[in-house]
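Report on the structure
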Amino acid sequence: MSAFSFGGSADTRVQNGSGMLLRYTFRRLLMLIPVSISISVVIFMIVHLLPGDPIDNLIRVGSSPEARERLATKYGLDRPLITQYFVWMGNMFRGDFGQAIVLRRPVSDLIMQNLPFSLTLGGLAFAFSSVVGMTLGTISAVVRNPILERFVRGFILLGSTVPGFWLALLLILLFSVTLGWLPVSGAKTWSALVLPVLTIGFGGIALVARVTRVALIDVRHEDFVTLLHAKGLSRSAILFRHLLPHALVPVVTILALRIGWILGGAVTAEFVFGRPGLGSLLIRALGQRDFPVIQGSMLMLALAVMLGTLIGDILQAAMDPRIREASK
Amino acid sequence: MHYTTKTLLHFGAAFMSTGILTMNLSPAAFAQEVTIAFSGPELGVTSYNPVTSTLLNTANSLIYDRLVEQDADQSYYPHLATSWEESGDGMAWTFKLRAGVMFQDGTPFNAQSIADWIPDFKGTENNYLVDAIGSVEVIDDLTVKFVMTRPEPNLLYNLASTYMGVPSAAAFDRLGENYGVSEAVGTGPFKLDSFSVGLETVLVRNDDYAWASELSENQAAAYVERITFREIPDQSTAFLELKTGGVDVLLGVPTDFLEILEEEANVAVIQMPGLGIKYMPINVTVPPFDDILVRQATALAVDQESILNSVYKGVGAVANNFLISSLPAADVDPALNVSYDPARAGELLDQAGWTMGDDGIRMKDGAPLRVKLFTQNATDFKRLTQVVQAQLKEIGMDAVITVFDSSTLRDEYKRNAHQLAVREYDWNNSDILDWFFSGERLGYPNVSMWNDETGQMLNDVAMTQSATSEQRIANFKAYHEYILSQYLFAPIYQPTINIAYNSEAVILPEQIRGIRFRSQTALDMKVVE
Amino acid sequence: MKARAFDALDRLGIGRAFSSSLGLVSGGFLVILIAVALTAPWITPFDYAAQQLGNSNAPPGWPHLLGTDEFGRDVLSRVIFGARTSLSVSATAIGISVTVGMTLGAAAGYIGGMFERAVMTVVDLTWSFPDILLALIFVAIIGPGLTSTMFAIAIAYLAQFTRLTRAQIVRLKRETFIEATVNLGAKPGHILIRHLLPNAIAPVIVAAMLAVGDGIILEATLGFFGLGAQPPTPSWGAMMSSGTAQLFLAPWVIIFPGLVVAMTVIAVNLFGDELIRALDIRDRLRGT
């Protein structure tokens with residue numbers, strides 16, 4: 001039995017490592033199809049389980065039942081759910097996300113409008129977590145100073161225990177209200193990115209630092225490191241040229257696997273800092289029951305998560321000792 | 001821990017220096033630009049098509065001009081119409097139009113523009129505005145006549161509504177469904193530059209503008225070149241933005257922030273009378289509120305004075321009936337006005353058979369007086385609702401709060417799953433009574449679920465059978481008094497509209513003309529040099 | 001074998017976690033916190049719901065040690081009562097999550113094949129989707145309140161326990177002593193319940209404890225979004241939901257509950273680390 005989440009059977013073990021990895025990747029890509037379809041069904045069901053009706057946000061309080069019916073027909077909401085689902089999926093295959101009911105625009109326009117904000121924020125938070133986390137992880141693995149190590153450990157701990165929204169509020173209080181250095185909200189300038197990136201990134205530092213530390217301690221005792229020492233390479237050269245690249249793979253892996261967590265953090269950050277993005281689009285659409293928008297943005301988020309998991313899993317598979325052994 | 005803080009500050013400082021650089025380069029620093037944050041009720045506009053939209057904001061009122069403007073005292077002023085005349089029987093209205101007005105796309109504004117525009121309302125959600133207009137006749141280039149199907153004393157009010165901003169027929173027909181989404185063309189002092197739904201709307205000055213109404217000092221093009229309207233969903237964030245210079249004008253400041261704003265040297269506040277009230281509808285179909293005694297007791301339990309003074313720091317006014325005080329139909333028989341009387345509330349509950357239990361909760365037939373109290377997921381609603389909850393406890397009623405988002409809340413009303421709710425409305429016209437108490441709209445918006453013959457009869461008379469303004473007022477007053485006599489809701493509070501601005505960045509007139517901040521004020525607005 | 005099977009619950013193991021100074025401090029804090037939550041109705045200085053509108057937003061001092069909120073309610077009393085709400089919601093949610101997750105994970109790991117693939121696919125989906133969104137949507141569907149918050153948290157953490165249990169079972173299945181049992185002719189159900197699950201339980205317990213900390217944060221976040229505990233019931237999250245401006249008007253209303261959340265989660269994490277060390281299961285928690 002393989003340790004992979006999806007598929008993998010005993011016979012793959014006899015093949016060579018890279019062939020196995022390719023086959024695994026292919027298998028996983030193939031799996032994406034049924035998984036995406038089941039996700040789309042789940043998303044569609046969830047959306048239609050929500051109490052409330054998007055039409056209510058289109059009509060006046062005193063509107064007639066006929067007006068309501070006319071709108072329901074216009075947006076296909078009066079058709080059986082199963083038909084609605086297939087219409088949605090059919091359009092989706094043609095790259096058409098449908099028309100937003102309350103927001104009165106193509107859903108794809110809304111997603112394209114918000115996606116760049118999400119990507120910038122998520123990407124910078126990802127980078128921030130990696131850089132700071134790896135620095136701290138390396139310090140705690142390399143420097144044998146118990147006091148320093150304790151400080152680093154404290155910092156790491158703090159990062160994983162402070163609620164994101166609370167940190168965001170404190171950051172606003174300090175940097176925007178008291179010091180007046182950074183804007184409170186919005187996304188007009190690059191400076192408006194600083195606090196949201198800190199808010200999301202801070203929570204990831206702990207994870208990255210922990211993974212880096214473990215990875216460094218693991219490889220420190222491996223043969224090739226001993227060999228490098230014997231060759232007379234300096235400690236820092238070993239660290240930067242050989243050890244850290246090793247740690248990079250597990251760090252990227254763990255972050256790719258936790259992409260959902262970055263997206264979740266983005267939801268909170270977008271909410272507190274009034275930023276546009278897929279998360280705030282989704283929350284807004286949820287409030288207005290704008291079904292096509294909820295479906296479209298949830299599907300986008302799910303796809304991002306699936307791709308992240310896929311990359312993470314493949315990287316993990318690449319590092320799997322059994323595969324490495326097989327390729328010897 | 002010391003180390004922790006320092007590291008954080010270091011990272012902060014690194015980012016900060018880049019932050020300051022970019023901020024200086026940002027266009028907001030240039031002159032003749034103003035950033036305005038919408039008020040809470042204005043958020044979420046999806047289109048600047050006044051004919052079809054059911055929600056519009058201040059930016060819409062700057063893109064379009066109206067035939068008529070309304071001032072804060074509810075009086076009417078000419079704008080695109082220079083004068084008007086109603087025929088003796090109320091069956092025809094003739095409007096003289098202003099000469100020399102041009103739409104922003106270069107097409108001329110004239111009688112034909114009106115004749116093209118009014119029929120566009122047919123079949124839309126806003127049709128009620130022109131419902132009484134049978135046909136539009138072009139008399140000459142600048143004279144237009146409305147032939148009415150029935151007298152409509154409320155016509156001027158409708159024409160002054162932001163939904164009756166006049167669009168360019170050419171653009172309207174050309175863009176179809178996309179009108180208002182990508183482009184919007186009116187005759188107003190500002191042109192739509194860009195619109196990102198849910199984020200911001202950027203307007204630029206209409207340099208040709210020379211047809212301001214009497215409500216503005218400035219009769220030429222606006223002083224300000226560019227206005228950015230921002231949607232900031234959280235009112236407290238908007239407030240912090242004003243405080244830190246992120247926005248220059250805040251169109252709606254929650255009353256509880258006024259106290260802090262007073263301490264800010266650079267912030268000035270303008271108060272205007274509000275357009276609605278906060279109230280608590282009572283669902284008459286669900287026990288114990290099917291008993292009018294319990295309803296009356298509930299209404300009398302709300303201490304309006306205490307709420308005004310504690311929650312709203314004395315700003316605004318108490319509400320004793322359903323309409324804002326400036327409407328004549330609000331002037332009802334004083335005996336029917338609802339004000340706090342806990343002793344009487346207690347007597348009424350005793351009379352209804354609800355006796356005080358040991359734990360401070362009344363009991364009847366072994367069941368406690370426990371009711372549901374719904375509210376909306378917004379800070380100000382939750383705050384007010386918790387105070388009301390505590391006041392109901394005083395008369396022995398255990399009100400259990402549930403906080404819903406607005407879509408779910410509407411669903412609950414329609415399912416008749418509610419008992420009490422804390423709500424508000426924004427509408428400075430007596431016909432709001434029809435919207436919230438008509439038997440045709442049970443559940444939502446008739447949250448009180450009131451439906452009887454007398455009420456419906458009085459409603460019909462007020463809505464469609466008033467020939468003159470005086471009659472309309474008398475009819476609505478009668479309907480209003482009948483609603484009050486049935487204790488269908490507890491009136492709570494009449495808010496003010498609070499506009500706050502950074503006095504180091506912009507100059508606004510001391511008194512805002514019109515019912516709210518609109519084009520007349522935007523024309524007079526200046527940037528501090 | 002029996003002794004080994006129960007080593008997770010062994011008092012010595014837990015006791016050992018208290019032996020280091022960090023373990024003592026963090027464990028002690030948690031014990032006190034739980035005691036405070038249990039005795040909240042008797043130890044709060046004021047009624048948590050009693051309003052004093054004339055004394056709103058009073059800064060910390062006497063008699064309101066942590067100040068009052070916008071309704072003049074005592075913040076200390078609300079923080080104490082909030083411990084009761086937040087801890088019980090999180091602990092119950094994780095309890096549900098562990099029970100369901102262990103069942104699913106054990107079944108998946110033991111049965112294998114298509115069943116395993118199906119379960120893990122579904123579970124991975126819930127794991128990867130942002131927990132806060134999962135919870136927001138769940139609460140939107142079944143309505144606000146503590147019960148729905150509880151289930152939302154339970155669903156958000158379900159995958160973690162399913163994966164962990166499954167990984168343990170798969171690992172144990174390969175171990176020699178199980179193979180020996182199988183060779184001796186034991187029934188599958190017997191093997192799963194008597195041998196596999198007890199061995200898998202120690203890492204699950206530790207992971208559950210750490211998850212309670214995360215659950216507290218998720219509860220607080222939902223409370224901040226205005227979901228969860230209905231007013232006037234205090235929870236740490238709900239106390240912080242009165243908007244950014246409150247931070248400026250009366251920072252103590254937001255800072256103290258946040259601090260308590262952070263301290264609690266730190267204590268949970270530290271004590272969890274000590275437990276891992278004491279039970280010697282670090283390797284078994286990794287890679288899941």
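Since this is a predicted model, take the numbers as computed values, not measurements. (Residues numbered from 1 in each chain as written. Chains lettered and ligands numbered in written order. Predicted model: local features only at pLDDT ≥ 70, side-chain atom pairs only at ≥ 80, totals over all residues. Heavy atoms only, no water.)

With respect to the overall build of chain B
When helices and strands are counted, chain B shows 16 helices and 25 strands. For 529 residues, the compact-globule estimate of 2.2 N^0.38 gives 24 Å, and chain B sits close to it at 25 Å. By its C-alpha atoms, chain B is 80 × 75 × 40 Å across when sized along the principal axes. Within chain B, residue pairs in contact and separated by at least 24 positions form 69% of the contacts whose partners lie at least 6 positions apart. When the accessible area of chain B is evaluated, it comes to approximately 19600 Å², of which 51% is carbon and sulfur surface. Taken together, the 35 basic and 69 acidic charged side chains of chain B have centroids lying 4 Å from each other. (Helix = DSSP H or I, 4+ residues; strand = E, 2+ residues; numbered from the N terminus. Rg over C-alpha atoms; globule rule 2.2 N^0.38 Å. Contact = heavy atoms within 4.5 Å. Areas by Shrake-Rupley, 256 points an atom, 1.4 Å probe, with all protein chains shown as cover. Lys, Arg positive; Asp, Glu negative; His and termini not counted. Charge placed at Lys NZ, Arg CZ, Asp CG, Glu CD.)

Regarding the interface of chain A and chain C
Contacts between the two partners involve 48 residues from chain A, matched on the other side by 44 residues from chain C. When the two sides are added together, the surface that chain A and chain C hide from each other amounts to roughly 4000 Å², 76% of it contributed by carbon and sulfur. Three residues stand out in chain A for area buried against chain C, namely Arg153, Phe165 and Trp166 of chain A, and they jointly supply 16% of the buried area on that side. In this assembly, chain A and chain C are joined by zero salt bridges. Where chain A touches chain C, the interface holds one residue pair in polar contact (both at pLDDT 80 or more). Going through the elements one at a time, helix H1 (17–49), helix H5 (146–161), helix H6 (164–178), helix H7 (191–220), helix H10 (259–272), helix H11 (278–288) and helix H12 (291–319) of chain A are the ones with two or more residues in the side of chain A that touches chain C. Here the residues of the side of chain A that touches chain C sort into 35 nonpolar, nine polar and four charged. (Buried area = accessible area lost by both parts, 1.4 Å probe. Salt bridge = Lys/Arg side-chain N within 4 Å of Asp/Glu carboxyl O. Polar contact = N/O pair within 3.5 Å; in protein donor to acceptor, adjacent residues only side chain to side chain. Nonpolar A, V, L, I, M, F, W, Y, C, P; charged D, E, K, R; others polar.)

A word on the environment of proline 288 of chain B
Residues and elements named next belong to chain B. Looking at the secondary structure, you find proline 288 in the loop between strand E13 (278–281) and helix H8 (292–301). By relative accessible area, which is 11% here, proline 288 ends up buried. If near-sequence neighbours (up to four positions away) are discounted, proline 288 is found in contact with Val294, Trp354, Leu369, Val371 and Gln419. (Buried < 20%, exposed > 50% of the residue type's maximum accessible area, 1.4 Å probe, protein only.)

Focus on the sheet that holds strand E23 (residues 496–502) of chain B
All names here are of chain B. Overall, mixed pairing links the seven strands, which are arranged E8-E9-E10-E1-E11-E23-E12 in an open sheet. Since the sheet does not close on itself, it has two edges, and those belong to strand E8 (190–196) and strand E12 (267–273), each with one partner. Judged from the two bridges that link them, strand E1 (residues 33–37) and strand E11 (residues 249–250) form a sheet pairing that is parallel. Bridge assignment links alanine 37 to a residue of E11, and that residue is leucine 250. (Pairing = 2+ DSSP bridges.)

Examining the side chain of asparagine 158 of chain B
Residues and elements named next belong to chain B. Its place among the elements puts asparagine 158 in helix H4 (residues 155–160). Looking at asparagine 158, the relative accessible area reads 3%, which means it is buried. In terms of polar contacts, asparagine 158 uses its side chain to reach the backbone carbonyl oxygen of leucine 129, at 3.1 Å. Ignoring anything within four residues of it in the chain, the contact list for asparagine 158 reads Tyr128, Leu129, Glu152 and Met164.

Quick look at the side chain of arginine 150 of chain B
Residue and element names in this part refer to chain B. Within the fold, arginine 150 resides in the loop between strand E7 (143–148) and H4. Owing to a relative accessible area of 18%, arginine 150 belongs among the buried residues under this scheme. Once you skip the residues sitting within four places of it in the chain, arginine 150 turns out to touch Gly90, Met91, Asp131, Ala132, Met463 and Thr464.

With respect to the pattern of salt bridges
All names here are of chain B. Tallied over the full model, the rule gives 25 salt bridges over all chains. Arginine 150 is the salt-bridge partner of aspartate 131, the closest N and O atoms lying 3.7 Å from each other. Taken together, the residues aspartate 131 in the loop between helix H3 (111–117) and strand E6 (133–140) and arginine 150 in the loop between E7 and H4 connect sequence positions 19 residues apart. According to the relative accessible area criterion, aspartate 131 is partly exposed, its value standing at 42%. Note that arginine 415 is salt-bridged to glutamate 412, the shortest N-O span being 2.8 Å.

Focus: the interface of chain A and chain B
With 48 residues of chain A at the contact, the number on the chain B side is 51 residues. Between chain A and chain B lies a buried interface of about 4500 Å² when both sides are counted; carbon and sulfur atoms form 63% of it. In this structure, the connection of chain A to chain B is made through two salt bridges. Note that aspartate 405 of chain B and arginine 289 of chain A form a salt bridge whose closest N and O atoms lie 3.4 Å from each other. Across the chain A-chain B interface, the total number found is eleven residue pairs in polar contact (both at pLDDT 80 or more). Listed by contribution, the elements that provide at least two residues to the side of chain A that touches chain B are helix H2 (65–74), helix H4 (107–142), H5, H6, H7 and H11 of chain A. Looking at the side of chain A that touches chain B, the element that brings in the most residues is H6 of chain A, giving five residues. Of the residues that constitute the side of chain A that touches chain B, the class distribution is 26 nonpolar, twelve polar and ten charged.

A short note on the packing of aromatic side chains
Taken as a whole and assessed by the stated rule, the structure comprises 35 aromatic pairs over all chains. Between the aromatic rings of tyrosine 85 of chain A and tryptophan 88 of chain A, the centroid separation amounts to 6.1 Å while the plane-to-plane angle is 65 degrees, which identifies the pairing as edge-to-face. You can see tyrosine 85 of chain A and its partner tryptophan 88 of chain A sitting in helix H3 (residues 81–93), three residues apart, about one turn around the helix. Among the residues examined, tyrosine 85 of chain A registers a relative accessible area of 10% and is labelled buried. One aromatic cluster is present, built from ring pairs that chain together Tyr279, Phe322, Tyr425, Phe436, Phe437 and Phe489 of chain B. Positioned above the aromatic ring of tyrosine 444 of chain B is the side chain of arginine 410 of chain B, whose terminal nitrogen or guanidinium carbon lies 5.8 Å from the ring centre. Between the NZ or CZ atom of arginine 513 of chain B and the centre of the ring of tyrosine 77 of chain B, over which it lies, the distance is 5.5 Å. (Phe/Tyr/Trp six-rings, centres within 6.5 Å; stacked < 30°, edge-to-face > 60°. Lys NZ or Arg CZ within 6 Å of the ring centre and 35° of its normal.)

Some remarks on the domain arrangement of chain B
Residue and element names in this part refer to chain B. Per the domain assignment, the segments of chain B are domain 1 (7–272 + 497–527) and domain 2 (278–494). Counting from both sides, the interface comprises 17 residues of domain 1 and, opposite them, 21 residues of domain 2. Roughly 1600 Å² of surface becomes buried between domain 1 and domain 2 when both sides are summed, with 48% attributable to carbon and sulfur atoms. At the surface where domain 1 touches domain 2, the tally comes to zero salt bridges. Summed over the shared surface of domain 1 and domain 2, the number is six residue pairs in polar contact (both at pLDDT 80 or more). Across the side of domain 1 that touches domain 2, the residue classes tally to seven nonpolar, six polar and four charged. (Domains from an automatic or database assignment.)

What to know about the pairing of E23 of chain B
All names here are of chain B. Across the seven residues that make up E23, a large majority, seven, are buried. Judged by which residues are buried, E23 turns out to be covered on both faces: Thr496, Asn498, Ala500 and Asn502 on one side and Ile497, Ile499 and Tyr501 on the other are all buried. Bridge analysis of E11 against E23 gives two bridges, and the strand direction is antiparallel. Across the sheet, residue valine 249 finds its bridge partner in E23, namely tyrosine 501. Across seven bridges, the pairing between E12 and E23 is antiparallel.

Re the environment of alanine 37 of chain B
All names here are of chain B. By the secondary structure assignment, alanine 37 is in strand E1. Accessibility expressed as a relative area gives 0% for alanine 37, which makes it buried. A sequence separation of 202 residues divides alanine 37 from phenylalanine 239, and the C-alpha atoms of the two residues are 9.3 Å apart.

Some points on the nonpolar core
Residues Leu67, Phe95, Ile114 and Phe146 of chain B are the most contacted members of the largest nonpolar core, which totals 223 residues. By residue number, the principal contributor to this core is H12 of chain A, which donates twelve residues. Every residue in contact with phenylalanine 146 of chain B, bar those within four places of it in the chain, is listed here: Met91, Ala92, Trp93, Phe95, Ile114, Ile118, Ile133, Ser135, Val136, Leu155 and Leu159 of chain B. By size, the runner-up hydrophobic cluster in this structure holds 40 residues, among which are Met280, Phe289, Tyr312 and Leu348 of chain B. (Core = buried A, V, L, I, M, F, W, Y, C linked by side-chain atoms within 4.5 Å.)

Here we look at unusual backbone geometry
Cis rather than trans, the peptide bond between tyrosine 444 of chain B and proline 445 of chain B has omega equal to 0 degrees. By secondary structure assignment, the location of proline 445 of chain B is in the loop between helix H13 (432–437) and helix H14 (453–464). Across the junction of tryptophan 62 of chain C and proline 63 of chain C, the peptide omega takes the value 0 degrees, indicating a cis bond. Considering the arrangement of structural elements, one finds proline 63 of chain C in the loop between helix H4 (40–43) and helix H5 (75–111). For aspartate 365 of chain B, which is not glycine, the phi torsion reads 50 degrees and is therefore positive. With respect to the secondary-structure elements, aspartate 365 of chain B resides in the loop between strand E16 (362–364) and strand E17 (367–368). Of the residues examined, aspartate 365 of chain B reaches a relative accessible area of 76% and is grouped as exposed. The residue tyrosine 487 of chain B is not glycine, and still its phi comes out positive at about 50 degrees. Positionally, tyrosine 487 of chain B belongs in the loop between helix H15 (469–485) and strand E22 (489–494).

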